[in-house]
Amino acid sequence: MKLFESFGLFEKVILLGTNGWGWSENLVEALLDSGALSVIVANATADYEGLSNQRVVKLKLDFACAESVDEMLRAVLKNFDRLDVLINAFDMVLCKPFLRITEAEWDKVMRTNLKAVFLLTRVAGRIMTRQGFGSIVNIVSVSGSLGVRNAAAYAAALGAVNQLTRSLALEWASSNVRVNSVAMGFPDGAMKEERDGMLKRYIPLSRFPKFEDLAPLVIFLSSSASSYMTGHVYHVDGGLLARG
Amino acid sequence: MLNRFSLEGRVAIVTGGGTGIGRAISLLFAKAGADVVLAGRRLEPIMQTAEEVRRLGRRSLAVKTDVTDSAQVDRLVEATISTFGALDILVNNAGIARGIEPSPHDKQPLPTREIWEWTDDMWQKGIETNLSSVFYCCRSVARHMAERKKGKIINISSAAGVRAAKGLYTYSTAKAAVIMLTKVLAVSLAKYNIQVNCIAPGNIEVAEEKGSIESYQIPFIPMGRLGKPEEVGVLAVLLASSASDYITGECFFVDGARFAGVLPIGCELKPWGSCEAL
C-alpha cells in the first residue's frame, strides 16, 4: 500500500551510532525490516556477534579520538552514494551526587553521551547538507527534559543533545536536513530495586517501555513521512512527563 | 514493522473533517484501513470527504454537527457507535474562530484589538469554539473507550498554543488549554488504556488559502515552506495506530522548525566573550 511506503525506509542508507545501547541490535533489525538498504553500525564498544547480514556494516570507533572517527567514517561512507539517516543511540548513566562526581567521570559522561553525537553528526551533517536531504534522530531519555536527582551529569549531557537537535534543525532546515530527538521513559530495572515498583505505579500507563514502543516513532522520524517535523523533542514515556 | 501503523478495522471520528487538515487526516485514515465518520457544521464539505473515503474502499458517514453544542456532539458519537458498532479513534480538529481575532491563516496581519475592546461574548465564543468543543467530544467518547479498555484521542492544537502572538487572546489561550487538557486526559484515562496526544501544527497550507499566506509566513519558517495537511495527517495515523501505544500526554510540533528556536531567521549571534579569541 502506498501510504505505508512513506513510513518505510526503502533504499535508505542509515548510520547508527551507539555505545552498545541495549536495544541497538533490535533497532538494526527493525530498520532492515522497514526496508533499509544498508545500516552502518558505528559502535564504541565491542562488535556485535548476532548481526551478520550483507546489509549491515560494522565499525568500531574510538570516540575519544576525533580524527580517527572522522577518518574511518569517511572511508566507509565513500562506498555509498549518499547518507539518508543518522540515528544516535548513546546512553551512559552515571548515578552519583553531584559533589562526588570526579572530573574524569564528568568527561566520560560528556564524551559518551554528547561528544560522540557531535562527532557523528559532524560527519553526517557534512554529507547531508551537501546532498540536500537527510534525517537525524537522537535517541535520548526523559532525563534530558527535566531534572534528575543524583544524575546531574547525565541529565546535562542529554539536555545538551536536545539543544543540538533544536539548533542544528534551525541551521540545516534550508538544506532539507531534519533533526529530532526521541526521549524515552525509564526502562525496567532503571531504579534501585525497591523503587522499580514505585516508579511503575507512578507511570500513567503503569508499565515500562519495550523496544516495540520506541521503534515506530524512530522509524517514522527517519522516514519521509515526517517531512515537516524538525527541531523538536518527542517523548515516548507512557505519560510520565505529562504528569511530571 | 510497518504494519504497526495500520488502522485496519478501526472506526474514527474526525471533527472538521470536510476541509484542510481534517480532510487530509480522514483520507489518510481511510488509506490506513479505518472507517471514518466526518463531523462538521457545513454538510457539503463533509459529504464530499465521506464520498472520497468510500472511494478508498472504506465505510463513511457524514454527520452535521456543531461541536460547541454538547447535545449534538453526543448524538454524533451515538450515531457512530450505532452505525459501526464501536469507536476507536477521535480526532478533535474543528476550531478556529475567524473574524474574531487574527488567525494564523490570515492573508496578512490583521490589526489587533486592544483587550479592552473585547466583549464577553467574543471571549466566550473563541473559548467555546476552540476549547469547550474539545472537552465535549472527549467527554462523549471517553466512557465508551473506557468500557472497551482501548482508545486513541488526538487533539489538534496549534503552535500558537505554545508561543504567543499579539492579540491572539482566545485562540492562543484555548489552544494552550487544549495541550493541558490533553495531558490531564492522558494521565486520567491511562488506566483504561486510552492514549491522548496532541499535534501542534505550525503554518499549514490549506487549499482555499493557497498562495495567499505564503509570502507573509514563509520568511519565518526555517524550512522555507508551509507544511502540507498530509504532513500533519501522517502523524495522526501514527498516533491513532498501535505504533503509539506507549506515547501519551505528548504534544507534537509539526512546524518545519519554526518554533524550535529563539531568534527569527536572519538574526545571527556574533561571537562574544572568550569565544572571540578562537
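Refer to the structure above for everything that follows.
Note that the structure is a prediction, hence the values are computed from the model and not measured. Each chain carries its own residue numbering, running from 1 in the direction its sequence is written. Labels follow written order: the first chain is A, the first ligand is 1, and so on. This being a predicted model, a pLDDT of at least 70 is required before a residue's local features are given, and a value of 80 or more before pairs of side-chain atoms are given or counted; all residues contribute to the totals for chains, interfaces and linings. Heavy atoms from the whole structure form the basis of all side-chain values; hydrogens and water molecules are not counted.

Structural notes on the overall build of chain A
Numbered from the N terminus, helices here are DSSP runs of H or I no shorter than four residues, and strands are runs of E no shorter than two. Of regular secondary structure, chain A possesses eight helices and seven strands. Taking 2.2 N^0.38 as the reference for a compact globule, 244 residues should give roughly 18 Å; the C-alpha atoms of chain A span a radius of gyration of 18 Å, in line with that estimate. Each residue is placed in one exposure class: buried if its accessible area under a 1.4 Å probe, protein chains only, is under 20% of its type's maximum, exposed if it is over 50%, and partly exposed if it falls in between. Buried positions account for 56% of the 244 residues belonging to chain A. Look at the contacts in chain A between residues 6 or more apart in sequence, and 71% of them connect residues 24 or more apart. Calculation of accessible area relied on Shrake-Rupley with a 1.4 Å probe; when residues are assessed, cover is drawn exclusively from the protein chains displayed. When the accessible surface of chain A is summed, it comes to about 10,500 Å², and 51% of that surface belongs to carbon and sulfur atoms. Charged residues are defined narrowly, with Lys and Arg counted positive, Asp and Glu counted negative, and His plus the chain ends left uncounted. Here the site of a charge means atom NZ of a Lys, CZ of an Arg, CG of an Asp or CD of a Glu. Across chain A, the mean location of the 26 positive side-chain charges is 4 Å away from that of the 25 negative side-chain charges. Restricting the calculation to C-alpha atoms gives the radius of gyration, and the globule rule supplies 2.2 Å times the number of residues raised to the power 0.38. What makes two residues a contact is simply this: any of their non-hydrogen atoms within 4.5 Å.

Overview of the pairing of strand 6 (residues 177-184) of chain A
All names here are of chain A. With eight of its eight residues buried, strand 6 lies for the most part within the structure. Residues V177, V179, S181 and A183 of strand 6 are buried on one face, and the alternating residues R178, N180, V182 and M184, pointing to the opposite face, are buried as well. Here eight bridges tie strand 5 (residues 134-141) to strand 6, and the two strands are oriented parallel to one another. Bridging from a neighbouring strand, G134 pairs with V177 of strand 6. Handedness of the crossover is the feature at issue here: the chain leaves strand 5, passes through helix 5 (residues 152-172), returns alongside strand 6, and the resulting connection is right-handed. DSSP-based pairing: two strands are paired if at least 2 bridges between them are found. Here four bridges tie strand 6 to strand 7 (residues 233-236), and the two strands are oriented parallel to one another. Within strand 7, the residue paired with A183 across the bridge is H235. Crossover handedness is defined here as right-handed if the route from the first strand over the helix to the second strand goes clockwise, with the strands pointing away from the viewer.

Digging into the sheet that holds strand 6 (residues 194-201) of chain B
Residues and elements named next belong to chain B. Taken together, the seven strands give an open sheet; going across it, the order is 3-2-1-4-5-6-7, and neighbouring strands pair in parallel fashion. Both edges of this open sheet fall to strand 3 (60-64) and strand 7 (251-254), since each of them pairs with a single strand only. Averaged over neighbouring strand pairs, the angle between their axes works out to 15° when direction is ignored. Of the pairings in the sheet, the one linking strand 1 (residues 11-15) to strand 4 (residues 89-92) comprises three bridges and is parallel in character. Opposite I13, over in strand 4, you have L90 as the bridge partner. Note on definitions: angles span 0 to 180 degrees between N-to-C directions of axes, and those axes are lines fitted to C-alpha atoms, for helices only across the stretch in contact. Packing against the sheet, helix 3 (residues 70-84) makes contact with strand 1, strand 2 (35-40) and strand 3, and its axis sits at approximately 160° to strand 3.

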